[in-house]
Each structure stands twice: as C-alpha cells, then as structure tokens.
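Residue strings, one per chain:
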Amino acid sequence: MSHYAEFVIHGDDREIVPYLAGFAAGSGLERAFVFAAEAGFRISALRERLKHHGEVTHVICDAPHRDRLRAAIEKAAPRFAFEIKEERSIERAYFPFSFETPSREVAEKIKGVLGSLPKGVKAADYAPHEVTDPGARGPEVYSPAHEYTFSGRGVIEGDVLGVVETRRALMGIEFTKCDEIAAHHAT
Amino acid sequence: MTAAVEHSLGATLAVWWTLPFAGILLSIALFPLFAPRWWHHHYPKVALAWALVLAIPFVFEHRGEAAHEIAHVLLADYVPFIILLWALYTVSSGILLTGTLKGAPGQNVLILASGTLLASWIGTTGASMVLIRPLLRAISWRKHRAHTVVFFIFLVSNIGGALTPLGDPPLFLGFLHHVPFFWTLRLAPAMLFLAVPLLTLFYFLDRRYYRREEAKRHGTDEIMGIRGWHNFLYLAGIVGAVLLSGVWRIGEVHVLGVDLKIEGLVRDALLVVLGVLSLKTTSASVHRANQFSWGPIREVAILFAGIFVTIIPALAILKAGEHGALRQLIALADSPRSYFWLTGGLSSFLDNAPTYLTFFNAALGDLLPNVPEAAAVPQLIAMHHHYLHAISCGAVFMGANTYIGNAPNFMVKSIAEEAGIEMPGFFGYLFKYSLPILIPLFLLATFVFFA
C-alpha cells in the first residue's frame, strides 16, 4: 500500500484553502488530496494550535502527487506566509460506523456503499443484522415496532482517500453514524 | 357512577389503589421507548396484568360495589369510546389522497393546515393516517424532512383535534360525561393562537431549507385527487350520530345493573353500521394503499380496557375531593392556569385521555363536591368554564410535547422512519422542537387564556 502524506501547514486557512483548491483545479489534482478537517479526520485543534504556535491546516495527499503539492505550498510560502510545519506519512485510515434503519430503501443504499468499497478499503468486524417481523406490519399507535430493521456496525479501514470517499458516501445516507477518521501514521 | 357510591368509595380508598393506573400508563409510556419489540408482542399481557392487579383485590375488598364500578366503566365509558374510535379509524382509512405535490413550503403549509382542520372531524389519528403519506411523498426528494414531520405531529396529530369531541379521545370522554358536543368549539381561539404561529414558523423554516435544496429537485408533479370520497358521507353520519346522542333523550335501560342511555346505544349502533358500510363500499386498493390493518384499533381496544379498569379508584378518590386520598393533588390544582399545566404536563408523558378524565374529576371534586356528575358538569360549564377550558386545552395541545404524549405521534414517527426519514430521538424531539417552540407558545397561551 503506498503511503499518503499529511502536510501540516501554518498560516491563515482563509488563504491556504482557496490557494490549494485553485492549485488542484488548475492542475487536475482535485482527487489527489483532501483537507483533513473537511474530510472528517480527527484533529485536536487546540493541541495543534499550541504545538505549532498558531493556526494550522492539515492536507492529506496521495503518494504520487506528494512532491508536486509540497512544491506548490513552498512556492506560495513567501507571498502568503505559509509554512510546512510537519510532513508525515500515513499508512492507512479508519473510522467506526453504525446504522439502524427500518427503511428498505435506505438499507439498499447502505448495502450499495458497503458492497462496492473502493480499492484497498474493507469493512472490518462488519456483521449486518436484517430482521423481518411480519407481526409488526402496518401502522401502530401504541406499540410501534417496525416490520423490517437493518442494522449493523463495523470499521471502514484501508486506503486513505478510499476511506474518505466511503465516509462521505455513508454520511450522505440517513440513519448512519460515522465516527471521525483516525490515521495510522508510518513509524 | 352514582354520587353515593362515588362518595363512599372515593373517601375510603387509599392512594395505593391508584398504583395499577400509574403502572399501566407508565408501561404505555416507557416500554415503546426502551423495549419496543418486546412491548409489541406482549402489551396485551401487560394490560391484562395491570387490570387484574387492580380488579382482583378491588372486588375482593369491595365486593358488589367494585363489580358494579367495573361493569359501569366498561359499559358506559369503554364500549362507546372504542366504538367511536373504531368507526372514525375505519371510515378515515377509506379516504386516500392520490398524486404528489412538489414539496414546496407553501404546499406543505397547505397540507399541515388542512390536516389541522380535518383532525377535529376525523380524529387526530384519522387525519394523521390520511395525510402523512401524501406529505411524505411530496417531500421525498427533500434533504431536510424531519422538521416537516415534527410540525405535522404538532398540528395534525395533536393541536388540530381540539374543536369537537371527535377530534381527540379526551374530548369524547368529556362528551360521554355530559360536556355538550359544541362546547369544544370554544377551544377554537386557543387552537388558532397556537396553529397560526406554528404554521408561520414552519413556512419560514421550510422555505429556508427549500431554497438550498431546490436545485436538486427531480421528477414531475402529479395531479392531486381523492379516492373514497363517499367516506366523507359516513363521516358526516358519524358527526350526526354523536350529535344526536347529545340532544335526543329517550330513556335508560339497565344492563348488568348499569343504567345505559338508549340514545347512547342508538349512537353506538349507528356508528357500527357506518363503519361496516365503509368497509363494504370502499375499494380494497384504497385500504391497501393506506396500509390499512386492524393493528391500531386492536392496540387501543386492549390497552384502554386496562386503563378504564385501573382508573376506577383514581376517579373515585378525585371525585371525593378534599375527603379523598388525593386531596393534595386537588389542592395543587387551584386555578385554570394550574389545571392547564398539570393536565398538559402529565399529558406530555402519559396518555391524554385518562389524564383528561383524571383532572376533569379533580375539578368536579374540588369545585362541586358531592354533586352528581350529570348535574355537576353543566354547573362547571356555567360557573367555572375556564377550568374545563384549561383541562381540555392541556390534554389536547400538550400531547404534542413528546412522542409518547399522544397515540398518533409514534405512528407518524414510525411511518416517516419507514419512508427513510431519520426522525429525532425522544430527547432530540424534546430539546430541539418541543421546548424551544411549543413551550413558549403554551406559556403565552397561559397568559392570554388562563391567567
């Protein structure tokens, strides 16, 4: 598995984010990196601020484009006062998820996402539970049990950008809950 | 219940006789939250158990008097209550709204407003059944949908039921206990006082979301239509039958030692005929589309059998007023304002029909002690109508405060979830919607109507 790079960039995120978004659009690298906070990575803002003496932005980039992104940041550094404070390698990422839905339509969407995970991504410890209770069919007022329930929990792990993509897809489906993404850094 | 029996029983019963009543109400409130599947399969046993926990020692201790009270409450209150709910449910399930609106804020307001008005005539459960699916179809493409369902619960499943005894079970119990049919129209100003701001707030909230979502809209509009039109005639028949029983005086018959009004029996027979006619003349496809089943009415029939049996000591004690074991509760309720909040507060978490009956009797015991009910209720209305107003409003309106406050709330939540809408949980509903929206309105209503 190729490693990803995490750049910790010191500076005003109101300049960093548009600058790098423009760089990505201009160079066709929209899918090569993500802003960690926006993608749902677990970041302790206070700890990072204390550690780096100010505001930092975390950007996660795939291995083939690591050098280009670093060069782009360094090129803008004198003009915008950016500074790469840290550059770390990430081996893989993961996040726990869970869901419980009485909607067959929503269940199909969840199955669709989990059944076609991106390359290098897997659902670990995943045991879906599908229950049909014909006795609970139809509307009820005082004992509203659902006729159908699809529930499950597990951990999505593997390729970093694939994990990010999967989290975005799951977060777009009602009844699913996803924790923040945690990164395994290379030692 | 005769005045002599009320007084002798109510003054002698200890407060612990009300525990089975509290037990069944708490079971209805808590089991669906904490053990929904278990409750679904075992609620009849729970209801029976609470009824027996009361009935066996009650009959053992008070013999014929207790047996008479049980027979009286079942024949004079329970049976007519269930027959009305059955008829309303059956007939309203024969009405199907077809087509799809586009889910725009103005249209959603129209559905909510129509449901609010309809609820008083076909019951909050009936109106919820008829309108929730068309509303869900209309908003199916929208991203933000839960707020629409919550406002539907506020307005259609609760507040809208205030205008007639058909609207909400507590008001029909009032009607069975001598409150005139059209008296409840006096709740209209309070209902509008709540409904208009709620509809306005909903419109602006929904418009805010809609503007962000409009670009994603897909699909085409379908023309709206109604199938099962003829059921509106049966609904008119139900209104007529109930009205008739309120104005027509024929006489009484004695059944199992209980005096039953013949006009009440005629009303019940007419309701059964109207329900059967609806079943026979409504297309099966309409019932299928409404997912019609006897489930809801079976639940009501079973659970209310338990409620009506276990409520007997509580009502007797309350009617004994300051001579009864619940004198402290009666002392607590000393003004229309306190009746509004006490009835409403309990109706938020317990079923509102028995809660209404409890405070209705508390008011009678407090304000008109030892006066037979048939004479006391007209006096209550003539001299202390603000009390009945407050009890009725508290029971009907504050059922909206939680999912467990009124029967249709849970049904609407459940149908919405099965349609793929993630509804807020019990506390989410309470803290995100009820406390910030309803409670300030209820506080304002207190100053305007019950100060």
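Since we're looking at a predicted model, the values are computed, not measured. (Residues numbered from 1 in each chain as written. Chains lettered and ligands numbered in written order. Predicted model: local features only at pLDDT ≥ 70, side-chain atom pairs only at ≥ 80, totals over all residues. Heavy atoms only, no water.)

(A) Seen up close, the overall build of chain B. Looking only at helices and strands, chain B features 17 helices and 4 strands. Here the C-alpha radius of gyration of chain B, 22 Å, is about what a compact globule of 451 residues would show, namely 22 Å. For the C-alpha atoms alone, the extent of chain B along its principal axes is close to 70 × 45 × 45 Å. Classification of the 451 residues of chain B by burial places 59% in the buried group. Across chain B, every contact between residues at least 6 apart in sequence was considered, and the portion connecting residues at least 24 apart equals 82%. (Helix = DSSP H or I, 4+ residues; strand = E, 2+ residues; numbered from the N terminus. Rg over C-alpha atoms; globule rule 2.2 N^0.38 Å. Buried < 20%, exposed > 50% of the residue type's maximum accessible area, 1.4 Å probe, protein only. Contact = heavy atoms within 4.5 Å.)

(B) Expanded view of the interface of chain A and chain B. Listed as interface residues are 20 residues of chain A and, on the opposing side, 31 residues of chain B. Together chain A and chain B conceal approximately 2,300 Å² of surface at their shared face, both sides included; 54% is due to carbon and sulfur atoms. The largest contributions to the chain A side of the interface with chain B come from Pro139(A), Val141(A) and Tyr142(A), which together make up 37% of the buried area. For the pair chain A and chain B, the interface holds 3 salt bridges. Ionic pairing is found between Arg37(B) and Asp133(A), a salt bridge with its closest N-O pair at 3.0 Å. (Buried area = accessible area lost by both parts, 1.4 Å probe. Salt bridge = Lys/Arg side-chain N within 4 Å of Asp/Glu carboxyl O.)

(C) Representation of the confidence of the model for chain B within the structure. All names here are of chain B. When the pLDDT values of chain B are averaged, the result is 89; 96% of them are 70 or greater. With pLDDT under 50 throughout, residues 1–5 is counted as low confidence; its partners more than four residues away or in other chains account for 7 contacts. Our summary of model confidence lists the complex with pTM equal to 0.83 and ipTM equal to 0.75. (pLDDT = per-residue confidence, 0-100.)

(D) Structural context of the environment of Glu214(B). Residues and elements named next belong to chain B. Here Glu214 is to be found in the loop between α7 (188–213) and β2 (225–227). A relative accessible area of 42% places Glu214 in the partly exposed class. Remark: the alpha-carbon pair of Glu214 and Trp141, spanning 73 residues in sequence, is separated by 9.6 Å.

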